[in-house]
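Take a look at the letters that make up each chain.
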Amino acid sequence: MTAKVFRGSFIHSKTLDELEILEDAVLVVDSSGTITTFQQTDGDDIEALIPDNAESFRLGPGEFMIPGFVDTHNHAPQWPMRGLGQGLHILDWLDQVTFPVEARFADAAYARKTYENTVADFLRQGITTASYYGSRHAEATRILAEICLEKGQRAFVGKCNMDRNAPEYICEKSAHDSLQETKDCIEHIRQLPGCADGKLALVKPILTPRFAICCTPDLLQGLGDMMRADKTLTMQTHFNEAEQEIKATRDLFPEKAARSEADLYDSFGLLSSQSVLAHCTIMTDYDKDRIKELECGVAHCPIANMTVGGGFMAAPVRDFLRRGIKVGLGTDSGGGWASQMLGVIRQAMIASNAREVMSEGRDKGLQIEEAFYLATLGGAGVMSIQDQVGNFEVGKKFDAVLVSTTTDLQSAMTPREEDDSLRTVFEKFIMTGDDRNIAHVFVGGRRVAGTRSLWFEA
């Protein structure tokens, strides 16, 4: 890959509270896709910063770069059923809608056709990193990992584990079979080209117990043993998602889950700084203290939490942040009807406003800068890759989206006007833009998606 130099406007998060907006900066990406230079130009001559034989690109008026979005919770086999079953309680929704759809992924041809479209769609939306639940089918999971690599998406791919409390047509035969297929999938992913390095691989395996309701103690213990033995493995599961789910979990594990699902999963060795807990909507102080102590990350999925599950479930994100708990955003594609991270950002702000009212003003609503952080650098932290992606720091991989706000796109975005500041244009894009504004998407310096094919040369 040829080194690249970009000059123009850049916007990224340095911290939860600090959004850096640079009107005229230069960013250099080397042949490995790593950022080697990023600085404000101040009108200076940039020739000395440009490597020999580098491609040079100039962003046009109304264009700016942002880091790629990180989707911390996504069900790949549910992509074709988005929007179905909205309003059902969670266990009813699984039975009536989800399990029949996921069962179709026993067919490898169907899995390949669907996953080709799934991954392409998320890349088109600027999601450069995704944490995917696969179905419970090993072959389909291997196909998903291969497609992520082929299309260039940074991804965590997990075979879903579920050996009880599911229809016979989709339930795994035994914990032994589930664990063996999981090991086989991990080995397959790590043997894909460029994926042998557990830390720097583009596509990585992730342990994926659906949730405790669908897993026997033997299965949970086996997964916990795998996680203890391999410190590079991450784990994802659903956690305190809905009243119906919490009650069912406590009925199945009356001693281990008496106080918290955290105690349950921790007893099997599944919770650490490498653990991603989706939803976390109904949380006691004890729950919060435990996941903070164990350094787990929260995948906040506000669209799904307010449309599927049974009731208005707005996770206490402000309280999580105040306590120093890692938080990112998830589309929860399937339960969440959107494949767009922009929609999730907006819903996260709406949910936080509701939380402010519910808390009588103690938990202030999220500001746009904070919600953007959760979708980028915060999400990278949840996935434990904040040293690799999430913003434009030198030494990180160039995962980025070039946003175009030119007036002839006919997107849903509020029109850009001549006297708009860059901050104003950014806000218009975040709150009203869509995929038509996403001109180019890069992962590790490689262009992988976007609506436009032509560049402005510097």
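Described below are features of the structure shown in this document. Every chain is numbered on its own, with residues counted from 1 as its sequence reads. Local features in a predicted model are, by the rule used here, given only for residues with pLDDT of at least 70; side-chain atom pairs are given and counted only at 80 or more, and totals for whole chains, interfaces and linings are based on all residues. Remark: hydrogens and water are excluded; side-chain values derive from all non-hydrogen atoms of the structure.

Details of empty space enclosed by the protein
Any residue with an atom within 4 Å of a point lines the site, the site being either a cavity, points on a 1 Å grid over the protein atoms alone where a 1.4 Å probe fits but cannot get out, or a pocket, an open set with protein on both sides within 12 Å along at least 5 of 7 lines. Grid points are joined across faces, edges and corners, and a volume is the space filled by probe spheres set on the points. By the definition in use, this model includes three cavities of 30 Å³ or more. Considering only enclosed or pocket space, the largest cavity measures out at about 110 Å³ in volume. Along the walls of the largest cavity sit 14 residues, with His75, Ile90, Trp93, His238 and Glu241 positioned nearest its centre. At three residues, helix H1 (residues 90-103) tops the list of elements feeding residues into the lining of the largest cavity. For the purposes of this entry, the term helix denotes a DSSP run of H or I that reaches at least four residues, the term strand denotes a run of E that reaches at least two, and both are numbered from the N terminus.

Topic: the nonpolar core
We define the nonpolar core as a collection of buried residues of types Ala, Val, Leu, Ile, Met, Phe, Trp, Tyr and Cys that are connected through side-chain atoms lying within 4.5 Å of one another. A simple rule labels every residue: compare its accessible area, found with a 1.4 Å probe on the protein chains alone, to the largest value its type can have, and call it buried under 20%, exposed over 50%, or partly exposed in between. Core analysis: the largest hydrophobic core is formed by 117 residues, its most contacted members being Ile66 and Tyr132. If you look at the next biggest cluster of nonpolar residues, it comprises 17 residues, including Phe6, Phe10, Leu27 and Phe38.

Re the environment of Asn240
Its place among the elements puts Asn240 in the loop between strand S11 (234-239) and helix H6 (243-252). Classification of Asn240 as buried rests on a relative accessible area of 4%. Non-local contacts of Asn240, meaning those with residues more than four positions away in its chain, are made with Glu245, Ile246, Glu261, Cys280, Thr281, Ile282, Met283 and Asp287. Throughout this description, a polar contact denotes any pair of N or O atoms lying within 3.5 Å of each other; where both atoms belong to protein, one of them has to be capable of donating a hydrogen while the other can accept it, and for residues adjacent in sequence the pair is counted only when both atoms sit in side chains. Within the structure, the side chain of Asn240 is placed 3.1 Å from the side chain of Asp287, a separation counted as a polar contact. Contacts are assigned to residue pairs with any non-hydrogen atoms lying within 4.5 Å of each other.

Points about the packing of aromatic side chains
By convention, a stacked pair of Phe, Tyr or Trp rings (six-membered ring in the case of Trp) has centres within 6.5 Å and planes under 30 degrees apart, an edge-to-face pair has planes over 60 apart, and any other such pair is tilted. Scanning all chains against the criterion turns up 16 aromatic pairs. Ring geometry for Phe6 versus Phe398: centroids 5.1 Å apart, planes at 25°, classification stacked. In this pair, Phe6 is assigned in strand S1 (residues 4-13) and Phe398 in the loop between helix H13 (377-382) and strand S15 (400-404), connecting sequence segments 392 residues apart. In this structure, Phe6 and Phe398 share a single accessibility class: buried. The interplanar angle of 85° and the centroid separation of 5.6 Å between the aromatic rings of Phe10 and Phe392 together place this pair among those described as edge-to-face.

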